[in-house]
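# Structural features, examined
Now for the letters of each chain:
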Amino acid sequence: MPKMKTQRSAAKRFKRTASGKLKRRKAYKTHILTKMSPKRKRQLRRPTLLSKADTKRIERMLPNL
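The structure displayed is predicted, hence computed values, not measured ones. (Residues numbered from 1 in each chain as written. Predicted model: local features only at pLDDT ≥ 70, side-chain atom pairs only at ≥ 80, totals over all residues. Heavy atoms only, no water.)

Formed by A10, A11, F14, L22, L50, I58 and L62, the largest nonpolar core amounts to seven residues. Leave out the neighbours within four places in its chain, and F14 touches L22, K23, R24, L50, I58, L62 and L65. (Core = buried A, V, L, I, M, F, W, Y, C linked by side-chain atoms within 4.5 Å. Buried < 20%, exposed > 50% of the residue type's maximum accessible area, 1.4 Å probe, protein only. Contact = heavy atoms within 4.5 Å.)

Put into structure tokens, the structure is as follows:
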């Protein structure tokens, strides 16, 4: 049986935490930032954990991560 392949697009977007959970970057932090408050931009900088509903789907894409 061939090796399982990791979906590279998912591997670039998600990382594992030390406890094994998946973390992701927050959306809306790429352009048109002038109208956004500094507080909002600061909050978007921090990564967040993936929801339980999405975790199962993403873990299938990342068998070796």
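Now that the structure has been shown, we can carry on.
Moving on, we come to the confidence of the model for the chain. Of all residues in the chain, 100% attain a pLDDT of 70 or more, and the chain-wide mean is 94. Of all helices and strands in the chain, the one with the weakest mean pLDDT is helix 3 (residues 52-61) (93), whereas helix 2 (residues 38-45) scores best (97). (pLDDT = per-residue confidence, 0-100. Helix = DSSP H or I, 4+ residues; strand = E, 2+ residues; numbered from the N terminus.)

What follows is about the pattern of salt bridges. The final tally for this structure, using the stated rule, is two salt bridges. R16 is the salt-bridge partner of E59, the closest N and O atoms lying 3.2 Å from each other. Separated by 43 residues along the polypeptide, E59 in helix 3 and R16 in strand 1 (residues 14-16) bring together distant segments of the chain. Overall, the relative accessible area of 33% leaves E59 in the partly exposed class. Accessibility expressed as a relative area gives 31% for R16, which makes it partly exposed. Of the charged contacts in the structure, one is a salt bridge between D54 and R57, with a shortest N-O distance of 3.0 Å. In this pair, D54 and R57 both sit in helix 3, three residues apart, roughly one turn of the helix. (Salt bridge = Lys/Arg side-chain N within 4 Å of Asp/Glu carboxyl O.)

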